[in-house]
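Tertiary structure, described
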Amino acid sequence: MTRFAEFHDKSLTQRDAFWAEQAQLIDWHTPPQQICDYSNPPFARWFAGGTTNLCHNAVDRHLAARGDQAALIAISTETDTERTYTFHELHAEVQRMAASLKALGVGKGDRVLIYMPMIAEAAFAMLACTRIGALHSVVFGGFASGSLASRIDDATPKVIVSADAGSRGGKGVPYKPLLDEAISLAQHKPSAVLLADRGLVAMNLVAGRDHLWADMRQKHLNDQMPCEWVDATHPSYTLYTSGTTGKPKGVQRDTGGYAVALAASMKHIFMGQPGETYFSTSDIGWVVGHSYIIYGPLIAGMATIMYEGLPTRPDAGIWWSLVEKYKVTVMFSAPTAVRVLKKQDPALLKKYDVSSLRALFLAGEPLDEPTARWISDSLGVPIIDNYWQTESGWPILTIANGIEKKDSKFGSPGIPMYGYNVKLVHESTGEELTGADEKGVVVIEGPTPPGFMQTVWQDDERFVKTYWQSVPGKMVYSTFDWGIRDKDGYFYILGRTDDVINVAGHRLGTREIEESISSHPNVAEVAVVGVADNLKGQVAMAFAVVKDTSGLTDDAARAKLEGEIMKVVDGQLGAVARPARVLFVTALPKTRSGKVLRRAIQAVSEGRDPGDLSTMDDPTPLTQIKGFFSA
Ligand code: PRX
């Protein structure tokens, strides 16, 4: 066996010994009593009885050895600002934020919703929450009031932390009015709102509810706010993600398992050293931002770059200029971003000294070979594809060069990581597929490793039903991804088995988009599918049946209605969820029992053969859809 194969084998066959060793990578207030309690499957309780704190491991733990080294580097090419916080400074800011939250009534176990652009205060807020044992629930800034309202109602936060505005392409994007609208739409009302005022957009403050961070910070300037030692199984946060139904799921993460998982991944997979700089181009609204902008790098004692801005502004060399300036050693991005850069002048990359870089990690969507080759040749460093999910918190498939140097294979994110017992099963029989190149659903056998989601927030039943009972006859965790494994054990991911689409690395539920479009008064029925796109991986394409077609006589009228529908989606869900096109059809292709044939719609939209249509009721609607794409 190779070194990694042994390492992986030990993680499963001597599970407790393996993870007890990894647990040494973090600080414990009291050591764990039990490594893995799997007495109530599929709920795995990692490091039960041990007490620790995420913020302590990310910040306080480093004060003695590297208090004056950079911890957080907040860069905005939108506002032309760059500010480095040392671990000491970060510690002070986080304590001020924690004291402010406490003063606003937040205690252990309470939820704090964070709706913020990529500014340092967002990091302070996340770390302040875990410091006092409160759960943060970060909502991506690109989501609009409808999405925000449903998350407010699910998380029932005591306090919401937000800002006046984000900024995109040099233009302020207001957050506060959307937040006010979301709060008025929501049943639950937070008792307080804490606002960072960047001076980008004027804000109307609600008396008695809204507080300015600058004032609160001043009030608590010198407050000491010790870390709350919480049980390893105490939830640290919830993060909403899309699934098959319209209602987003609150993925709930623990504390101890997550800290250990991240510390281990920083060592074995990302190989980041204390004192170095890590640059992840993601957003704190996504899981990559949680694990590899905020917690992972800081736990490893690295400086982490938080970047607000486009990859192409002021020009497409901006990221590489930051690599040069901050001597970034580890970088993390998404294939979409690389595809955007690939279309720009290649000389911009050559302009900078990127020799500090050891590897570029890419995740979130399939990495196509031309993109991988281009960036690998341009940078001259290994490109490491990694596959995971909001649910897992850290890579499921990749290569762990910290254990054993392995080559990547183009098109494959890699092999199962330690702690993950990954299998392929037949979609309808649940039978395990062991042969090379057989296509099946990628599943994980329990117990899932540390760092993996604990449950769906406030809905254990949904957690079990959705994730663990979708494969017939077997209790295994379904990733809802199709995959194959080659003869060398490398996996290839072939897309989702459910109604989730991946637009520029953003995971979106087509059902949510359909619900939003259906709220337009003239829409009778709609189907949204993901269609392959050269730049974004996939785009959402909507096919709508309108109630009153009398006005839809020409292209201009159709374009007007299309624009109106897009506006509805923008307003409710946010521009990230806006379909690329809304095409009007007389009917949707359905089975005789009335189920919309989404897979067939997707296939013909991509110019593929729709496959078996024996259950289809009437062929006309599909022919009409085909017509849009055959021009
Ligand atoms: O379909 C897979 C795809 O993105 C989904 C998870 O998205 P999200 O919850 O936003 O988490 C992203 C964490 C990186 C997966 O179910 N996906 C993610 N990474 C890859 C991928 N598809 C192919 N290759 C990848 N490397």
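Notes on the structure follow. Worth saying up front: this structure is predicted, and the values here are computed from it rather than measured.

Here we take up the site of the ligand. In the region of the ligand, 17 residues are neighbours, and N386, T390, D481, R496 and R507 sit closest. Between the ligand and E365 there is a distance of 3.4 Å, counted from a nitrogen atom to a backbone nitrogen or oxygen. N502 is positioned with one of its side-chain polar atoms (N or O) 3.4 Å from an oxygen atom of the ligand. Burial of the ligand by the surrounding chains reaches 94%, relative to a free accessible area of 540 Å². Looking at the shell around the ligand, the elements with two or more residues in it are helix 11 (287–299), strand 20 (383–386) and strand 27 (491–496). Here the residues of the shell around the ligand sort into 7 nonpolar, 5 polar and 5 charged.

Counted under the stated rule, the structure contains 0 disulfides. Not engaged in a disulfide, the cysteine C129 finds its nearest cysteine sulfur in C55; these two sulfurs lie 10.0 Å apart. You can see C227 has no disulfide; the closest cysteine sulfur is in C55, sitting 4.9 Å from it. Given a relative accessible area of 12%, C227 falls into the buried group.

Turning our eyes to something else, we now look at the side chain of D481. Inspection of the secondary structure puts D481 in strand 26 (residues 477–485). One buried charge, D481, has no salt-bridge partner; the nearest side chain with opposite charge is R496, at 4.1 Å. Side-chain polar atoms of D481 contact the side chain of Y387, separated by 2.6 Å. Once residues lying within four places of it in the same chain are set aside, the contact partners of D481 are Y387, Q389, G440, V441, V442, I493, G495, R496 and T497.

Here we take up the pairing of strand 27. When strand 26 meets strand 27, the two strands line up antiparallel, connected through 5 bridges. Counterpart to R485 in the pairing with strand 27 is F491. What sits between the antiparallel neighbours strand 26 and strand 27 is a turn of 5 residues, in which G489 has the positive phi angle 90 degrees.

Contact geometry for helix 5 (residues 87–103) and helix 6 (residues 120–131): axes closest at 8 Å, N-to-C directions at 65 degrees. For the element pair helix 5 / helix 6, the angle class is roughly perpendicular. Of the two elements, helix 5 crosses helix 6, and the hand of that crossing is right-handed. Packed against helix 5, whose contacting residues are L90, H91, E93, V94, Q95, M97, A98 and L101, the element helix 6 presents E121, F124, A125, L127, A128, C129 and R131 at the interface. Class assignment for the residues of the contact of helix 5 with helix 6 results in 10 nonpolar, 2 polar and 3 charged.

Cis peptide bonds are those with omega within 30 degrees of zero, and the linkage from R313 to P314 qualifies with 0 degrees. Here P314 shows up in the loop between strand 17 (303–308) and helix 12 (318–326). For the peptide bond that leads from G446 to P447, omega is 0 degrees, which places it in the cis range. Backbone geometry places F47, a non-glycine residue, at a positive phi of 60 degrees. Tracing the backbone shows F47 in the loop between strand 2 (43–46) and strand 3 (51–52).

The rules behind each value
- Residues numbered from 1 in each chain as written.
- Predicted model: local features only at pLDDT ≥ 70, side-chain atom pairs only at ≥ 80, totals over all residues.
- Heavy atoms only, no water.
- Near = heavy atom within 4 Å.
- Polar contact = N/O pair within 3.5 Å; in protein donor to acceptor, adjacent residues only side chain to side chain.
- Areas by Shrake-Rupley, 256 points an atom, 1.4 Å probe, with all protein chains shown as cover.
- Helix = DSSP H or I, 4+ residues; strand = E, 2+ residues; numbered from the N terminus.
- Nonpolar A, V, L, I, M, F, W, Y, C, P; charged D, E, K, R; others polar.
- Disulfide = S-S within 2.5 Å.
- Buried < 20%, exposed > 50% of the residue type's maximum accessible area, 1.4 Å probe, protein only.
- Lys, Arg positive; Asp, Glu negative; His and termini not counted.
- Salt bridge = Lys/Arg side-chain N within 4 Å of Asp/Glu carboxyl O.
- Contact = heavy atoms within 4.5 Å.
- Pairing = 2+ DSSP bridges.
- Axes fitted to C-alpha atoms, helices over the stretch in contact; angles between N-to-C directions.
- Parallel < 35°, antiparallel > 145°, perpendicular 65-115°, else oblique.
- Left-handed = near helix turned anticlockwise from the far one by under 90°.

No statement about biological role is implied by the geometric values presented.
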